[in-house]
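Residues per chain, in single letters:
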Amino acid sequence: MALAPIGVMALDARMIEWREEGAVLRVRKHGENAVILDVLTEGHGRVAGVVRGGTGRKLSAILQPGAQLDVTWKARLEEHLGAFTVEPIRSRAAQSMGGRLALAGLNAVTGLLCFALPEREAHPPLYGRSVQLLDLLGQDELWPLGYLRWELALLEELGFGLDLSSCAVTGATEGLVYVSPKSGRAVSRTGAGEWADRLLPLPPVLLRQGAASTADILEALTVTGHFLEHHLAASLGDKPVPEARARLLDLLRRSA
Amino acid sequence: MTKATSDIEDLIDLMARLPGLGPRSARRAVLHLIKKRGPLLTPLAEAMARVGTTARECLNCGNVGTADICDICNSEKRANGQICVVEDVADLWAMERAAVFKGRYHVLGGTLSALDDIGPEDLRIPKLKSRVASEGVTEVILALGATVDGQTTAHYIADELAGVSVTSLAQGVPVGGELDYLDDGTITAALNARKQF
């Protein structure tokens, strides 16, 4: 009889702990010296935790959105917020703060990830794509196309992916010029018929065709934006899509 | 608890809410104030009561003072065509401690933050634009933090202020800094902003 409570205590006293690499998504001040850090990891998804002393001179330089960190998360119980200890792997601050497109892009990526991903749900493919995209920050000629591909991956990962392989009506694989705003499937001109004006235009860049100019990418982002707003956001209780995405598109529009 | 003890406990509770103080240090501070009642406690209470009735935000720049327009905005000597944009009053005070900048200031009251839903209308950016137009400003110096939010705000303001020179503080190795102890972001920024020696 006496052993059971001792065993439970011993189990309670044991800390849950894991260590992984992650990208910083968001940093919020908590009390005077601490911050609540949101990181995206491969094995644990988006995880929040307290970093004590996070507002200090040393740590605040490391804890910037986009930074790649080695994080150790500890908590007494799984449902606790938990605490992080962090080691820098690489900062992306210089690349992201160097230009307005990079900054706007970083804000859009971190904003959308915080908006769309539930906490503690692993999405390894999306993690890989996100880290690749963050590594491209500062390369303004490559970044917009990379961002478009990333938005497609985000939709795919969360169950709202576009199927552009064949026409939803005729099954044809050629002449695809529309996307159904409901199903996200491609539609050919023949298949669209009198419904054409109710469908979204399918820019060639979404089929990996054409020159992928900024104007083409913007047109494609209008399509992904429809699914982010009307499908993904609707599934999350109609939260508005982060304003940072609109600012990025505005910047791209001005540079087109 | 007696009434007298309760008053002191109330004071300790209030002091413990100040930044940098916890219940223990608040208790020590209150005990010290009680011991130094004549030279410290009474003048402090009077000063706090005075500031409590007179402190206000400058209607022009957002600085904290005891008049509607602060001393810096009232001084003709500071009207040299330069406005230094800072995030917070603490940053303004830090700039004034350095005693290098001789122009006027503009306190934004925060930075843009998409994640925290802070947009341009939540900051004093419209007021900055009207000041630039009405005060004969030739240069706007952006002294915002070297953070993602700080630099996002800086780019937004630069876009909004067409037709006036917009500069920003340099980023790089701090005075007394050793490279070995700097993060790689700071080293990259410093290398990008290198100058002829």
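Quick caveat, the model's predicted, so the values are computed rather than measured. (Residues numbered from 1 in each chain as written. Chains lettered and ligands numbered in written order. Predicted model: local features only at pLDDT ≥ 70, side-chain atom pairs only at ≥ 80, totals over all residues. Heavy atoms only, no water.)

Visitor: Which parts of the structure should I look at to understand the interface of chain A and chain B?
Guide: Interface size, as often reported, equals the accessible area lost upon joining of the parts. Between chain A and chain B, the residue contacts involve 23 residues of the former and 22 residues of the latter. For the pairing of chain A and chain B, the buried interface totals around 1,800 Å² over both sides, and the portion due to carbon and sulfur atoms is 58%. At the boundary of chain A with chain B, the tally comes to two salt bridges. The partner of Asp159(B) in a salt bridge is Arg254(A), with the nearest N and O atoms 3.6 Å apart. Of all the secondary-structure elements, those providing two or more residues to the side of chain A that touches chain B are strand E1 (16–30), strand E5 (83–90), helix H3 (93–97), helix H4 (100–116) and helix H9 (243–255) of chain A. A class-by-class count of the residues in the side of chain A that touches chain B yields 10 nonpolar, six polar and seven charged. (Contact = heavy atoms within 4.5 Å. Buried area = accessible area lost by both parts, 1.4 Å probe. Salt bridge = Lys/Arg side-chain N within 4 Å of Asp/Glu carboxyl O. Helix = DSSP H or I, 4+ residues; strand = E, 2+ residues; numbered from the N terminus. Nonpolar A, V, L, I, M, F, W, Y, C, P; charged D, E, K, R; others polar.)

Visitor: Sorry if this is basic, but what is going on with the environment of Val51(A) here?
Guide: Residue and element names in this part refer to chain A. Within the element layout of this structure, Val-51 appears in strand E3 (residues 45–51). What makes Val-51 buried here is its relative accessible area of 2%. Remark: the alpha-carbon pair of Val-51 and Gly-82, spanning 31 residues in sequence, is separated by 9.1 Å. Apart from residues no more than four positions distant in its own chain, Val-51 is found in contact with Asn-33, Ala-34, Val-35, Leu-37, Leu-59, Leu-63 and Phe-84. (Buried < 20%, exposed > 50% of the residue type's maximum accessible area, 1.4 Å probe, protein only.)

Visitor: How should the packing of H4(A) against H9(A) be read in this particular structure?
Guide: Think of two packed helices as two axes; the pair is described by the angle between the axes and how far apart they sit. All names here are of chain A. The interhelical angle for the contact between H4 and H9, taken along N-to-C directions, is 150°, at an axis separation of 8 Å. Judged by the angle between their axes, H4 and H9 are roughly antiparallel. When the axes of H4 and H9 are compared, the crossing they make is left-handed. Of H9, the residues touching H4 (which contributes Arg-100, Leu-101, Ala-104, Gly-105, Asn-107, Ala-108 and Leu-112) are Ala-244, Arg-245, Leu-248, Leu-251 and Leu-252. Its residues assigned to classes, the contact of H4 with H9 comprises eight nonpolar, two polar and two charged. (Axes fitted to C-alpha atoms, helices over the stretch in contact; angles between N-to-C directions. Parallel < 35°, antiparallel > 145°, perpendicular 65-115°, else oblique. Left-handed = near helix turned anticlockwise from the far one by under 90°.)

Visitor: Got a minute to help me understand the UniProt feature "zinc finger region: C4-type" (unreviewed entry) in chain B in this structure?
Guide: Annotation from UniProt places "zinc finger region: C4-type" (unreviewed entry) at residues 58–73 of chain B. Secondary structure over residues 58–73 of chain B splits into 19% helix and 12% strand, and the C-alpha atoms at its two ends are 8 Å apart. (UniProt positions renumbered as here; feature names shortened; annotations may be inferred.)

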